[in-house]
Structure formats: C-alpha cells, structure tokens
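Analysis of the macromolecular model
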Amino acid sequence: MTRTETDSLGSIEIPADRLWGPQTERARRLFQIGTERFPPALIRAVGLQKRAAAEANKALGELPPEIADPIAAAAQEIAEGRHDAEFPLPVWQTGSGTQTNMNANEVIANLVSHALGQPLGSRRPVHPNDHVNRGQSSNDMFPTVMHVAAAEAVTQGTIPGLEALHAALVRRAAEWNAIVKIGRTHMMDAVPVTLGQEASAWARQVELGIARLKDALPRLMPLPQGGTAAGTGLNRHPGFATAFAGRMAALTGLPFTASDNPFEGMGAHDALVELSGALNTIAVSLNKIGNDVRLLGSGPRAGLAELVIPADGLSSSIMPGKTNPTQSEALTMVCAQVMGNHVTVTIGGAQGHLELNVFKPVIIQAVLQSARLLGDAARSFAANMVEKLEPNLPRIADNLAKSLMLVTALNPRIGYDKAVAIAKLALKDDITLKEAAGRLGHVTPEEFDRWVRPEEMVHPGTSSTRAPGGATLEGG
C-alpha cells in the first residue's frame, strides 16, 4: 500500500503507513549504501533542535502559536525516541546531512497534519520547509545537532562510565598498596613496586582521560544555528540564534550559546576533531590497562599469574574449564575501533572547503560510536573485571624472591660493577642473589638481609643507604 505525494520535483509513491515524505523517499532509494544508520542519540538531538527552533520562532513572532506549538510537540516525540523507525536513511548521504534534516521536517509536518485530522502529505496546516524548517538550513541545523548529540553522549554516557572505572581502580590501588611485587620494564624483571602502585597508574590514566573530555566540552557549547545557508544568517530573524541557544540550553541542561562566528561552526568541525582526539587518547589509555591486566593474569600456571582473572561463566569450546580475559579482549577491541574512528574524524575534519564541511554525517557517526563504546566498555570492565580481580599472593611472593633485579639495592653500598657480578653469577648458577653475594665475598649474609629489603625499595624516600666509602645517601 502506497500513497502518492507531490513536491517541487514531481510525484512519488511512498509507503502508506510511513510518516516521511517525498524528499526522504527519494533519498531512501538513492542512497542504498551500507547498513549504518544514525544512532538514537543523534535522532534525539534532531528532535530537540526542531523543538528549540519552533519555540524560538514562536517567541520571536515568526510562527503563530497554533503552528509552533504542534511542531514543538511533534519534535519532542522524536526526541523521546517514539519515531526512530521513521528515520530510515543511512549515514552515507549528502555530506551536509540535508536528507536527515528534510526527513525530520517531513515527519514532523505529517505528525501535525495527522493529529489535526489532515491526510499524510497534505502539508496542511504545517509545511515541512516553510514552518518546520523556518529560519534554518541543513547547513547550520546539522552541525548544531552534531554538537548537541556529542555533548549529551559524553556527559551522560562516556564520563559516567569512565568515572565508574576510575572509582574501581582507586579502590583496588588502596587495597593493594602493601602488596610488594616485581616490577617489569621492557617486559623484563625490574626493581620492586607494589600492586597498588601499578593500579594507581591505571587510575590516574582514567582520571586524566575524564579531564581531557571535560576540557574539550566547552568548545561544543557554541552552536552555529542561525548561520543558515552560508553563515550570514539569511532568511532568519535577527534574534533567532540567541533565542534558539537559550531554548536548547533549557531543554538539555547544558550551557549552549549562540556561536559568535557561525562560519567557523559550519565550515569546520575542529571542536569535534578535538573531542575525538580526547576519546582517542582515552582509548590508548584503556588499551594499556586492558593489556596490563591481561598480562598479569596470564596463566594460571605457565604465565605471570600474579592476578587471578575472574571466572565469568564463559569457557573455551574445546578446552574444559579454561578461563579467558574476555573483558580485556572486549575493551581492547573497543579501543581499536575508537582509534580507527579518530582517523575517520581527522580526515573528515580536514575536508572543510570554503563555507561548508561536507563530511558531517560520518564525523558525528564516528564520534558518537566512540563515545558510546568507551563509556559502555569502561563500565563493563569496572564491574566484570576490576571489581572481581584477586591478587595471587603466593605467585607474587615467589616471583619477587627469585628476582635478580633486587640487586639494584646494593648499588649504593658496593658499587654497580660488583652488583652486576652478583646478578650474573646468580643467573649463571641458578642460585639466589644472597648465595652469589656470599660466594664472591662482596656482601655478608647479614648485610644482604639488612640492605636488600623489597618493602623498602618500593618507598626509597623512607630509608637511608650507604655508598662505597661510607657516605650516607638518603632516599632514592
């Protein structure tokens, strides 16, 4: 069943039960590319944008209440996700997002017409261009939607997810602060650290990632709405940009303002490139954390095995009872996707030509995916990995006791060369450092026990050491 609609380009058949109109139907047939659709976060922002525009136009006398109010109500339904199925167009469309803008205009016009007893496609009493799109262009509407969707995604999803992970890591760092273990640099044995110190580095990485996102958010707050076609503001009320930004701020609770230079917000998307850069940096951080946990939990018998990976109810399809670091794998795959998305955003951001960047849809699709994935993955990793990790204390103690790099504590006492000789002999003959030091006559057993104390090596500023010749060296 179809209905026939006519616009300036002629007549076209549209599925009878659909709310979209001729422009959307033509685009649906023209852009049959891939399966990627805009996520609900963007469609919500579209609804908010149309509502704010209608309310601003009403306040400025550009639309009468009997037109503006039904438009605002229909737009709110879109913002609430009640009509997501009426947005069938792919990401791969005109680079200004024009088709999605017209999709919204047509759906809102038809919602109002239907509510007022008029047939779909009648364009009475609300016209998609004259009324729903009043004082707007796709060229300023879509970048505005991009800013709104990205800001909401980061503040409502990404940052809370990262905060949950940060809190979990801070707790583990405190709980593990006294567990002395072997450190590793270059993937080789190094001087001791505590397990808490390792976890504190992870926590700090996440904390700095949150700060980076918060630093980038202010550049998303200026909205280019009001620039219309090329940035000049043609065909809109002089007060529209300010009125619109005020309504958007009220609807979202975010401090949106009217851009003082809409040319920049339409022709370039540096704010979104910056945001994607912060998301990319977070992906790098989380990738390191996921891999560190994966390495420390490797085993349980032939790996490092210093952390016990939680059993998550999943297992190998062929090896009975095998527990894998599934959360680390999911997290690091997310990180790989986010890193790839940042390449896309970087290239897209570089494609601003003169007054308009025409890579808008792919930029926002990549940013929103990165924001959603990182928030979800951080929350999952916190709850299903970090909170359930347990230190393998016997293995940690055994690895520490066998470490050759404890000899580093002897450097200030006997000098570097003699310490090297002790380490080499211990490795060659497979004996302890204490035994090697005794054989070489460089250190007595009593001196070794007094000077080589791993629990003091992790906090060197709290102890004193003696250099060759008798001078005392305080701290590290």
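Please read these numbers as outputs of a predicted model, since none were measured by experiment. (Residues numbered from 1 in each chain as written. Predicted model: local features only at pLDDT ≥ 70, side-chain atom pairs only at ≥ 80, totals over all residues. Heavy atoms only, no water.)

**Considering the packing of aromatic side chains**
Aromatic ring pairs are defined here through the distance separating the ring centres and the angle between the ring planes. This structure, assessed with the given rule, holds two aromatic pairs. Taken together, a centroid distance of 6.0 Å and an interplanar angle of 40° make the contact between Phe-240 and Phe-244 tilted. Taken together, the positions of Phe-240 and Phe-244, both in helix α8 (residues 240-252) and four residues apart, correspond to about one turn of that helix. A relative accessible area of 0% places Phe-244 in the buried class. (Phe/Tyr/Trp six-rings, centres within 6.5 Å; stacked < 30°, edge-to-face > 60°. Helix = DSSP H or I, 4+ residues; strand = E, 2+ residues; numbered from the N terminus. Buried < 20%, exposed > 50% of the residue type's maximum accessible area, 1.4 Å probe, protein only.)

**Describing unusual backbone geometry**
Cis rather than trans, the peptide bond between Arg-124 and Pro-125 has omega equal to 0°. Structurally, Pro-125 can be placed in the loop between α4 (98-115) and α5 (128-132). Cis geometry marks the peptide bond from Gly-299 to Pro-300, where omega comes out at 10°. Its place among the elements puts Pro-300 in the loop between α10 (270-296) and β7 (307-308). Within the chain, Met-187 stands out as a residue other than glycine whose phi angle is a positive 65°.

**As for the pattern of salt bridges**
Close approach of charged atoms lets side chains of opposite charge pair. If you walk through the whole model with that rule in mind, you get 28 salt bridges. We note a salt bridge from Asp-69 to Lys-58, for which the minimum N-O separation is 2.9 Å. You can see Asp-69 sitting in helix α3 (residues 65-79) and its partner Lys-58 sitting in helix α2 (residues 40-59), a full eleven residues away along the chain. When its relative accessible area of 36% is taken as the criterion, Asp-69 is described as partly exposed. Judged by its relative accessible area of 35%, Lys-58 is partly exposed. For the salt bridge of Glu-455 with Arg-453, the shortest nitrogen-to-oxygen distance reads 3.1 Å. Residue classification places Arg-453 among the partly exposed residues on the basis of a relative accessible area of 33%. (Salt bridge = Lys/Arg side-chain N within 4 Å of Asp/Glu carboxyl O.)

**Here's the deal with the pairing of strand β2 (residues 10-15)**
Taken together, the six bridges between strand β1 (residues 2-7) and β2 define a ladder with antiparallel strand orientation. Across the sheet, Arg-3 pairs through a bridge with Ile-14, a residue of β2. Between the antiparallel neighbours β1 and β2 lie two residues. (Pairing = 2+ DSSP bridges.)

**Describing the environment of Arg-236**
Residue position: Arg-236 is located in the loop between β5 (222-223) and α8. By relative accessible area, which is 22% here, Arg-236 ends up partly exposed. Through-space distance from the C-alpha of Arg-236 to that of Glu-62 is 8.9 Å; in sequence the pair is 174 residues apart. Not counting residues up to four positions away in its chain, the partners in contact with Arg-236 are Gly-135, Gly-226 and Thr-228. (Contact = heavy atoms within 4.5 Å.)

**Quick look at the side chain of Asn-280**
Structurally, Asn-280 can be placed in helix α10. Here Asn-280 is in contact with Val-338, Met-339 and His-342, once residues within four sequence places are set aside.

**What to know about the nonpolar core**
In summary, soluble globular proteins display a tendency toward joint burial of nonpolar side chains. Core analysis: the biggest nonpolar cluster contains 101 residues, and Leu-275, Leu-286 and Ile-364 have the highest contact counts within it. Here this core takes 16 residues from helix α6 (residues 138-175), the largest share from any one element. The residues contacting Ile-364, other than those within four sequence positions of it, are Phe-38, Leu-42, Phe-142, Met-146, Ala-150 and Leu-272. Counting 23 residues, the second-largest nonpolar core is a separate cluster that includes Val-180, Leu-410, Ile-431 and Met-457. (Core = buried A, V, L, I, M, F, W, Y, C linked by side-chain atoms within 4.5 Å.)

**A word on the pairing of strand β4 (residues 188-194)**
On any regular strand, side chains alternate: one points to one face of the sheet, the next to the other face. Sheet topology places strand β3 (residues 180-185) next to β4; five bridges connect them, and they run antiparallel. Counterpart to Arg-184 in the pairing with β4 is Asp-189. Counting the residues between successive antiparallel strands, the hairpin from β3 to β4 contains two residues, one of them, His-186, with a positive phi of roughly 60°.

**As for the packing of α6 against helix α7 (residues 195-216)**
Packing of α6 against α7 brings their axes to within 8 Å, and their N-to-C directions diverge by 160°. Taken together, the axis directions place α6 and α7 in an arrangement best described as roughly antiparallel. Relative to α7, the crossing made by α6 is left-handed. Every residue of α7 that contacts α6 at Val-154, Thr-158, Ile-159, Leu-162, Glu-163, Leu-165, His-166, Leu-169, Val-170, Arg-172 and Ala-173 is listed here: Gly-196, Ala-199, Ser-200, Trp-202, Ala-203, Val-206, Glu-207, Ile-210, Leu-213 and Lys-214. Per-class residue counts for the contact of α6 with α7 are 13 nonpolar, four polar and four charged. (Axes fitted to C-alpha atoms, helices over the stretch in contact; angles between N-to-C directions. Parallel < 35°, antiparallel > 145°, perpendicular 65-115°, else oblique. Left-handed = near helix turned anticlockwise from the far one by under 90°. Nonpolar A, V, L, I, M, F, W, Y, C, P; charged D, E, K, R; others polar.)

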